[in-house]
Amino acid sequence: MSLPLSNIRVFEMAGLAPAPFAGMILSDFGAQVIRIDKFKGFNTDVLSRNKRSIAMDLKNPEAIQTLIKLLTHADVILDPFRPGVMEKLGLGPDVLLKVNPRLIYARLSGFGQQGPGSKAAGHDINYLAISGALSMMGRQGEKPFFPLNILADFAGGGLMCVMGILMAIIERSVSNKGQVIDANLTAGTSYLTTFPYIMQQFGLLWGNERGTNMLDGGAHFYEVYKTKDDQYMAVGAIEPQFYSVLVEKLNLDVTSLPDQLDRESWPSLKIIFQEIFLEKTQEEWTLIFDGSDACVTPVLSFTDPIPNSAPTNNEEQWPRTASMPQPAPFLSRTPAKKAEMLEEPFMEVGKHTIEILVEFGLGFAEIQSLLKSRAIVDASITSKL
């Protein structure tokens, strides 16, 4: 079966988090992704699904010239380094777009390619902070609270980069020209905050102190509650019709409660709701809310499933454990490759070096010369020649 990106060749300079995630998405949907690895040290990237590895010494001029030769046949290159690193290697956009004008040069950085902070070190928490997103996260009266590195590294960085690449591929079909993509994690994360930013500017959902608003932990109907067995249920009953189902399932009379949107009553209603949720286990609450419009779901774990003591033939029943992440979105005719559990998450560095060079037309003598000069290393036990 042909996949959406099966005719796209991607070279990914080895890095961590955002660029490998972008490469994995492209490979899941069929792109031929080749990771350029250093051959010294151990690979720490676990996002190598469906990729191949070529090991090169990028301090060796022969390796650089070989890589440039390979990139004349590439569609995309993923640059995970700080601004200026690729230029120092002789692999900047000015060089590569001359030898391959159709190349899409995707640059992933923390703070962008230009500006005073462009070359500064940073991590997910720093990009969240600079983008304004972190200021919106946290409980009332407490310091801002950061999530896992999903938001900036993977959503604002890797996923935004893929979106840029796909747009550039579409545009290239008209112009026949490549271009440079600046997918910086701060700007990408800022883009993700468009909705709360607008709401805050107009004094709507985010018009008050952090942690006191509808969607940031202030409302009793948009909250996580502890259960009798020290598990949790997530409540998101915003609309009145859903809120009424929630109240009914909690055995409360909506007419005896303050108005749902009465902000002054939210703290006291949280206490009431918490006391009720503590009366039953997560499994019991899950069975109560299964199939209803109360917008209440169990907080599932990848490792600890909800006990399965009830019949499982109910199609409206929630899953009992969080499933392994799969490529998304789902395409009807050309879906992505299904993700399988890996026996070994770390791909061996240089596992496909000779295989790739042969595929790109390099001859026996040239490959042997590169091996002899240590410009490349092949980790395979048996030569593919």
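Before any of the text, the structure's been laid out above.
Residues numbered from 1 in each chain as written. Predicted model: local features only at pLDDT ≥ 70, side-chain atom pairs only at ≥ 80, totals over all residues. Heavy atoms only, no water.

J.: How do you make sense of the overall build of the protein when you look at a structure like this?
T.: Within the protein, the regular secondary structure consists of 13 helices and 10 strands. For the protein, the spread of C-alpha atoms along the three principal axes comes to 85 × 50 × 40 Å. Here the protein, with 385 residues, has 44% of them falling under the buried criterion. Put simply, of all contacts in the protein between residues at least 6 apart along the chain, 65% involve residues at least 24 apart. If you sum the accessible surface of the protein, you get close to 20400 Å²; carbon and sulfur atoms cover 58% of it. Here the protein holds 34 positive side-chain charges and 43 negative ones, and the gap between their average locations is 12 Å. (Helix = DSSP H or I, 4+ residues; strand = E, 2+ residues; numbered from the N terminus. Buried < 20%, exposed > 50% of the residue type's maximum accessible area, 1.4 Å probe, protein only. Contact = heavy atoms within 4.5 Å. Areas by Shrake-Rupley, 256 points an atom, 1.4 Å probe, with all protein chains shown as cover. Lys, Arg positive; Asp, Glu negative; His and termini not counted. Charge placed at Lys NZ, Arg CZ, Asp CG, Glu CD.)

J.: Can you help me understand the sheet that holds strand β7 (residues 222-226) in this one?
T.: Within a sheet, adjacent strands bond to each other through the backbone by hydrogen bonds, running parallel or antiparallel. Strands sit in the order β7-β8-β9 across an open sheet of three strands; the sheet is antiparallel. Edge strands, defined here as strands with exactly one partner in the open sheet, are β7 and β9 (296-298). Between one strand axis and the next, the sheet turns by 20° as a mean value, whatever way the strands run. One ladder, built from three bridges, connects strand β8 (residues 232-236) with β9; its direction is antiparallel. If you follow M233 over to β9, its bridge partner there is P298. Each of β7 and β8 touches helix α10 (residues 266-277); the most contacted strand, β7, lies at about 40° to it. (Pairing = 2+ DSSP bridges. Axes fitted to C-alpha atoms, helices over the stretch in contact; angles between N-to-C directions.)

J.: Mind showing me how you'd approach the pattern of salt bridges here?
T.: Pairing between side chains of opposite charge can happen when their charged atoms approach one another. For the coordinates displayed, the defined rule picks out 14 salt bridges. When the shortest N-O distance is used, the salt bridge between R49 and D28 registers 2.7 Å. Here R49 is found in the loop between β2 (32-37) and β3 (51-56), whereas its partner D28 is found in helix α1 (residues 18-28), with 21 residues between them in sequence. For R49, a relative accessible area of 16% corresponds to the buried category. (Salt bridge = Lys/Arg side-chain N within 4 Å of Asp/Glu carboxyl O.)

J.: How should I be thinking about the packing of aromatic side chains in this particular structure?
T.: Aromatic ring pairs are defined here through the distance separating the ring centres and the angle between the ring planes. A full pass over the atoms with the stated rule returns 11 aromatic pairs. Taking 4.9 Å as the distance between ring centres and 50° as the angle between the ring planes, the aromatic pair formed by F277 and W285 counts as tilted. Of the two residues examined, F277 and W285, each falls in the buried class. Ring centres of F277 and F289 lie 6.4 Å apart, and the angle between their planes is 20°; this geometry places the pair in the stacked category. (Phe/Tyr/Trp six-rings, centres within 6.5 Å; stacked < 30°, edge-to-face > 60°.)

J.: How should the environment of L204 be read in this particular structure?
T.: Mapped onto the fold, L204 is located in the loop between α8 (194-201) and β7. Take L204: its relative accessible area is 46%, and that puts it in the partly exposed class. For the pair formed by L204 and M214, sequence separation is 10 residues and the distance between their alpha carbons is 9.6 Å. In this structure L204 touches M199 and R263, once residues within four positions along its chain are discounted.

J.: Even after reading the chapter, I still don't get the pairing of strand β4 (residues 76-79), so can you show me in this structure?
T.: Across a regular strand the side chains alternate sides, sitting on one face of the sheet and then on the other. Across the two faces of β4 the burial is the same, with V76 and L78 and I77 and D79 all buried. Alignment of β4 against strand β5 (residues 104-109), held across four bridges, turns out to be parallel. For L78, the partnering residue across the bridge sits in β5 and is A106.

J.: Would you take a moment to explain the sheet that holds strand β6 (residues 180-184) for this structure?
T.: Taken together, seven strands build an open sheet; the order of strands is β6-β5-β4-β1-β2-β3-β10 and the sheet is mixed. At either margin of the open sheet sits one strand with a lone partner, and together these are β6 and β10 (376-377). Where β3 and β10 come together, two bridges link them in antiparallel fashion. If you follow M56 over to β10, its bridge partner there is I376. Sitting on the sheet, helix α6 (residues 150-175) is in contact with β4, β5 and β6, with an inclination near 165° to β5. Contacts from helix α7 (residues 185-192) reach β5 and β6 within the one sheet, and its direction differs from that of β6 by about 70°.

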